[in-house]
Amino acid sequence: MIINQEFKEALRQILWQFRAPIRYAFAYGSGVFPQSGSAAGSSQCHPSAPAAIQNMQQGKGKMIDFIFGVSYSQHWHALNLSQHRDHYSALGSTGSYMVSQVQDRFGAGVYFNPYVTVNGTLIKYGVVNLDTLCRDLSQWDTLYLAGRLQKPVKILRDHPRVRLANQINLLSAVRVALLLLPAEFSEFELYTTIAGISYMGDLRMSLPAEDPRKVRNIVSGQMAHFRRLYAPLIENLPNVTFNDRRCTEEDWIDDPNANVRLTQDMDPVKRGNMVRRLPESFKQKLYFQYQSRFEIPRVEFNKMMKESSDSDSEVVRRRQGGPFEQRIAADENLKKEVQASIMKTIRWPSTVQTIKGLFTSGISRTWRYLSEKQSKYRTSGRKAKASSEESPSSKQE
């Protein structure tokens, strides 16, 4: 993603304040990429942030979110606890072993330290093992981190394993979105579908603790960024095309106001191939749902799954959808079943991760986080009400 070079360097300088080795890192959220309609920040947010961060946030400071990919979580936390004990809640007093166990064994495998000041800047950083990160990107075990990287982020330290796994993740996001969309749709519909994947089943979206218009706000303010992520992938897929004269103009890629049309091939054979190529953990959930829907006997189903398995390293198969995948692709309830699979993937890890935050962040920081989320929720509600009152239909009434 293209952002101001001085701002990017200021973010990188924050990483250099950690002696513990960070192998991969990205910054994300409204503190990095402005979101239309999001709540205003506070000029008191950052104690003494570098000028580049203040200028980028236009004096309305917002906490900046990071994810740090590390090789060994216990070793990393041991080093970080010795340098930044104040970043941790009381759980830090139990030592790096307990901290790493809480990180790796519960929720999505991420340990967050929110509301800490580094280099004069208020930040929140999550720590995750590279193995856990790459597995979620390629398999969609929890969609917790894969969902974040399906949206624009600023990569500050890259890693070849993560880069490859994230290309798989982005391609999977396009395929799932296509299974949820009709034959013709707009770019905005595509990107809101992709951005909305990680919020399906998220406990926060069903509570008064998150802006209900968050997905639309994210996409509205970042159309050009989403296009840079997904347009190259779309152009290489055989069953979806840009179908708009605007695409023949050279400047359309960087035009934030463009919203071109796309068309996809609804042929069950081609869509069956997409089903076959979904991330393994996610695909298994979808298949089990259709085993029940199609009333396939367990023995027959297990045999079918073994024959189509990708895990046999001695056999190289071209991942083509068979009769089962084509039947799934032609099912009129496909959208509903895909959404159910997404919710099953996300619900439990995100709920446990939220509960885990009470222990990793501490009561005061968790209360501050929830209070700010509820404030955003109320602000969004007032904006939605004002917008509806100003609409032509309400004026006619």
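Residues numbered from 1 in each chain as written. Predicted model: local features only at pLDDT ≥ 70, side-chain atom pairs only at ≥ 80, totals over all residues. Heavy atoms only, no water.

- Per an unreviewed UniProt entry, the recorded name for the chain is Phosphatidate cytidylyltransferase, mitochondrial, and the organism is Aspergillus fumigatiaffinis.
- According to its UniProt record, the chain has this under Cofactor (unreviewed entry): "Mg(2+)".
- Annotation of the chain in UniProt includes, under Sequence similarities (unreviewed entry), the sentence "Belongs to the TAM41 family." (UniProt positions renumbered as here; feature names shortened; annotations may be inferred.)

1. Describing the pairing of strand β3 (residues 110–118)
Argument step 1. Summarising burial for β3: 8 of the 9 residues are buried, a large majority.
Argument step 2. Looking at chain direction, β3 and strand β4 (residues 121–129) are connected through 7 bridges and run antiparallel. Within β4, the residue paired with V118 across the bridge is T121.
Argument step 3. Between β3 and the antiparallel strand that follows it, β4, lie 2 residues; N119 among them carries a positive phi value of about 55°. (Buried < 20%, exposed > 50% of the residue type's maximum accessible area, 1.4 Å probe, protein only. Helix = DSSP H or I, 4+ residues; strand = E, 2+ residues; numbered from the N terminus. Pairing = 2+ DSSP bridges.)

2. A look at the packing of aromatic side chains
Argument step 1. Within this structure, the stated rule accounts for 20 aromatic pairs.
Argument step 2. Seen from their ring centres, F26 and Y28 are 5.7 Å apart, and the 55° between their planes marks the pair as tilted. We note that F26, like Y28, is buried.
Argument step 3. These aromatic residues form a ring-pair network of at least three members: Y287, F288, Y290, F294, F301 and F324. (Phe/Tyr/Trp six-rings, centres within 6.5 Å; stacked < 30°, edge-to-face > 60°.)

3. Details of the packing of helix α7 (residues 160–180) against helix α8 (residues 187–197)
Argument step 1. Direction vectors running N to C along α7 and α8 enclose 115°, while the axes themselves pass 9 Å from each other. If you check the angle between α7 and α8, you find them roughly perpendicular. Here the hand of the crossing between α7 and α8 comes out right-handed. For the pair α7 and α8, contact is made by A173, V174, V176, A177 and L180 and by L190, T193, I194 and I197, respectively.
Argument step 2. The class makeup of the residues in the contact of α7 with α8 is 8 nonpolar, 1 polar and no charged. (Axes fitted to C-alpha atoms, helices over the stretch in contact; angles between N-to-C directions. Parallel < 35°, antiparallel > 145°, perpendicular 65-115°, else oblique. Left-handed = near helix turned anticlockwise from the far one by under 90°. Contact = heavy atoms within 4.5 Å. Nonpolar A, V, L, I, M, F, W, Y, C, P; charged D, E, K, R; others polar.)

4. Considerations on the nonpolar core
Argument step 1. Core analysis: the biggest nonpolar cluster contains 71 residues, and V176, L190, Y230 and I342 have the highest contact counts within it.
Argument step 2. Per-element tally for this core: the top contributor is α7, with 10 residues.
Argument step 3. Apart from the residues within four sequence positions on either side, L190 is in contact with A177, L181, F185, I234 and L262.
Argument step 4. Within the second largest apolar cluster, 33 residues are counted, among which are A10, A25, A52 and V102. (Core = buried A, V, L, I, M, F, W, Y, C linked by side-chain atoms within 4.5 Å.)

5. Quick notes on the sheet that holds strand β7 (residues 240–242)
Argument step 1. A sheet is described by the order of its strands in space; here 3 strands give the open sequence β6-β8-β7, paired in antiparallel fashion. Only two strands of the sheet have a single partner each, and these edge strands are β6 (184–186) and β7. In this sheet, adjacent strand axes meet at a mean angle of 25° when their direction is disregarded.
Argument step 2. Bridging between β6 and strand β8 (residues 261–264) involves 3 bridges; their strand directions are antiparallel. Pairing of E184 across the sheet is with T263, part of β8.

6. Some remarks on the pattern of salt bridges
Argument step 1. Counted under the stated rule, the structure contains 11 salt bridges.
Argument step 2. With its nearest N and O atoms 3.1 Å apart, the salt bridge here joins R246 to D251.
Argument step 3. Residue classification places R246 among the buried positions, given a relative accessible area of 19%.
Argument step 4. The class of D251 is partly exposed, set by a relative accessible area of 46%.
Argument step 5. When the shortest N-O distance is used, the salt bridge between K283 and E280 registers 3.5 Å. Residue K283 and its partner E280 are both found in helix α12 (residues 280–293); the two are separated by 3 residues, about one turn of the helix.
Argument step 6. Each of R246, E249, D251 and D255 takes part in one network of salt bridges that share partners. (Salt bridge = Lys/Arg side-chain N within 4 Å of Asp/Glu carboxyl O.)

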